[in-house]
Amino acid sequence: MNSIDRVLRSNLKLKHLQLLVALDQLRHLGKTAEFLAITQPAVSKTLAEIERLFDLTLFTRSTRGTEPTPQGESVVRFARSVLSEFERTKEDIASASTGASGRTNVGAMVVALPTLLSPAIERVKKKSAQMRVMVEEGDLTRLLPRLRRGELDVLVGRLEPGYAAPDLSTEPLYQDPMCLVVSTAHPLTQQKKITWDQLARQAWVVPPPWASSRLKLEQIFHKNGLGLPSDLIESASFLAILCAVNDHHAVGFVARGVGLHFQKEGLLKVLPVALKMDLPPVGMITMRGQKASLTTQTLMTCLRDIAKHKKASRP
């Protein structure tokens, strides 16, 4: 066993891992000391102790703060994975002991929130109200790094092919086409036929440029001899989309399941505009080879059940 093996397997303690992760997040010795409720000299001493174990410089220090070296980034990544597994193990032991508790951290894209994840969480809570589900909304550029760092257990959303990677495991659940939505008071709701020329003159709220649905929307405008509207808001947040549609009177571009759900709630109106585009399915993303906690497994089972019901209920 070489020295690095020995350090990773035997010498590093939990307090070392916690300090490394905190220092990477805060990038400042004083803030790290405050966060960990210890003195700044204690942070410096412990960091020096860790670096002696590795015989490497893991963080560079300057008047501006601290920055991880390339070796430091690797050790921090290891620390995050160990701490995440530590938390999962604690939750699993508690869940097995009580038969009720447990926690899962979920990353969710707009397409999955109201009609897939929300009813799945309701099912989880019916099984045990004590199960805790932390939901973080965002797009893949934000959520995938958190999944890889072990901060999220599963992602639900559209399985964008451009983000496929060997370390990720994907599970398609169902297809969900896109639609156009506006506020219930928008003038377009009074028209039976809506042209793309009319739509091009509206304000729009659209997905970020990396999203496959955004590219398909741009292609539709180009096929109609039009450029993308100049009055644009770009967001992957449903709250931002809802505000833009209702406050800025923008045309929204969302998954049809989402649009119909909020039309039923009286918050949006789906426009009678056909959108012909092939899009990747909605599904789940997890880290390949990583065993899910009992609570995460329960949620994933509920997600699969909801997806089966959605497919069975479609004409």
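Residues numbered from 1 in each chain as written. Predicted model: local features only at pLDDT ≥ 70, side-chain atom pairs only at ≥ 80, totals over all residues. Heavy atoms only, no water.

Notes on the sheet that holds strand S12 (residues 282–287)
Spatially, S4-S3-S5-S12-S6 is the arrangement adopted by the five strands of the open sheet, whose pairing is mixed. Looking along the sheet, the strands with just one partner apiece sit at the ends: strand S4 (132–137) and strand S6 (168–174). Between one strand axis and the next, the sheet turns through 25 degrees on average, direction left out of account. Examined bridge by bridge, strand S3 (residues 103–108) and S4 share six bridges and lie parallel to one another. Residue pairing in the sheet places arginine 103 in a bridge with arginine 132 of S4. (Pairing = 2+ DSSP bridges. Helix = DSSP H or I, 4+ residues; strand = E, 2+ residues; numbered from the N terminus. Axes fitted to C-alpha atoms, helices over the stretch in contact; angles between N-to-C directions.)

What to know about the packing of aromatic side chains
Within this structure, the stated rule accounts for four aromatic pairs. With centroids separated by 5.1 Å and ring planes inclined at 80 degrees, the aromatic side chains of tryptophan 196 and phenylalanine 221 adopt a geometry described as edge-to-face. Of this pair, tryptophan 196 sits in helix H8 (residues 196–200) while phenylalanine 221 sits in helix H9 (residues 212–223), placing them 25 residues apart in sequence. The exposure class assigned to tryptophan 196 is buried, which follows from its relative accessible area of 12%. Of the residues examined, phenylalanine 221 reaches a relative accessible area of 0% and is grouped as buried. Centre to centre, the rings of tryptophan 204 and phenylalanine 221 are 5.4 Å apart; their planes meet at 70 degrees, and the pair counts as edge-to-face. Taken together, the residues tryptophan 204 in strand S8 (residues 204–206) and phenylalanine 221 in helix H9 connect sequence positions 17 residues apart. Here the two residues tryptophan 204 and phenylalanine 221 agree in accessibility, since each one is buried. Site record: aromatic cluster; members linked through ring pairs are Trp196, Trp204 and Phe221. Directly above the aromatic system of tyrosine 174 lies the positively charged group of lysine 310, at a separation of 4.9 Å from the ring centroid. (Phe/Tyr/Trp six-rings, centres within 6.5 Å; stacked < 30°, edge-to-face > 60°. Buried < 20%, exposed > 50% of the residue type's maximum accessible area, 1.4 Å probe, protein only. Lys NZ or Arg CZ within 6 Å of the ring centre and 35° of its normal.)

Quick word on helix H11 (residues 256–264)
Inspection of H11 places Gly257, Val258, Gly259 and Phe262 among the buried residues, and these make up the whole buried set. Looking at the buried side of H11, the elements it contacts are helix H6 (113–127), strand S7 (178–182), helix H10 (238–247), strand S10 (251–255) and strand S11 (269–270). Positive backbone phi, approximately 80 degrees, marks glycine 266, located one or two places after H11. (Contact = heavy atoms within 4.5 Å.)

Focus on helix H3 (residues 29–36)
The set of residues buried in H3 consists of Leu29, Gly30, Thr32 and Ala33. One face of H3 carries all of its buried residues, which in axial projection span an arc of 160 degrees. Away from its buried face, by an angle of more than 90 degrees, H3 presents the exposed residues Glu34 and Phe35. At its buried positions, H3 is contacted by helix H2 (14–26), helix H4 (40–54) and strand S2 (65–68). Following H3 by one or two positions, alanine 37 adopts a phi angle in the positive range, close to 60 degrees. (Arc of directions from axis to C-beta.)

What to know about unusual backbone geometry
With phi around 55 degrees, arginine 27 is a residue other than glycine that occupies positive phi space. One can find arginine 27 in the loop between H2 and H3. Phi is positive for alanine 37, close to 60 degrees, though the residue is something other than glycine. With respect to the helices and strands, alanine 37 occurs in the loop between H3 and H4. Classification of alanine 37 by relative accessible area gives exposed; the value is 69%.

Brief notes about the side chain of histidine 16
Tracing the backbone shows histidine 16 in helix H2. Judged by its relative accessible area of 1%, histidine 16 is buried. Ignoring anything within four residues of it in the chain, the contact list for histidine 16 reads Asn11, Thr46, Glu49, Ile50 and Leu53.

A word on the pattern of salt bridges
Going through the model one piece at a time under the given rule, you end up with 15 salt bridges. For aspartate 167, the salt bridge identified is with arginine 148, shortest N-O distance 2.7 Å. In this pair, aspartate 167 is assigned in the loop between strand S5 (154–158) and S6 and arginine 148 in helix H7 (residues 140–148), connecting sequence segments 19 residues apart. Linked through salt bridges whose partners overlap, the residues forming this network are Asp24, Arg27, Glu67, Arg80, Glu136, Arg142, Arg146, Arg149 and Glu151. (Salt bridge = Lys/Arg side-chain N within 4 Å of Asp/Glu carboxyl O.)

Considering the nonpolar core
Nonpolar side chains in soluble globular proteins tend to end up buried together. Counting residues in hydrophobic clusters, the biggest one holds 70 residues, and the most contacted among them are Leu180, Trp196, Leu199, Trp204, Leu275 and Leu299. Of the residues forming this core, the biggest block, six residues, is contributed by helix H12 (residues 294–313). Those residues in contact with tryptophan 196 that lie beyond four places of it in its chain are Leu180, Trp204, Leu217, Ile220, Phe221, Asn224, Leu226, Val273, Ala274 and Leu275. Listed in part, the 19 residues of the second largest apolar core include Val7, Ala33, Ile50 and Phe54. (Core = buried A, V, L, I, M, F, W, Y, C linked by side-chain atoms within 4.5 Å.)

Some thoughts on the side chain of threonine 296
If you trace the backbone, threonine 296 turns up in helix H12. Taking the relative accessible area as the measure of exposure, threonine 296 reaches 1% and is therefore buried. Polar side-chain contacts of threonine 296 include one of 2.7 Å to the side chain of threonine 104. Aside from chain neighbours lying at most four places away, what touches threonine 296 is Arg103, Thr104, Asp153 and Val154. (Polar contact = N/O pair within 3.5 Å; in protein donor to acceptor, adjacent residues only side chain to side chain.)

Just distances and angles here, no functional claims.
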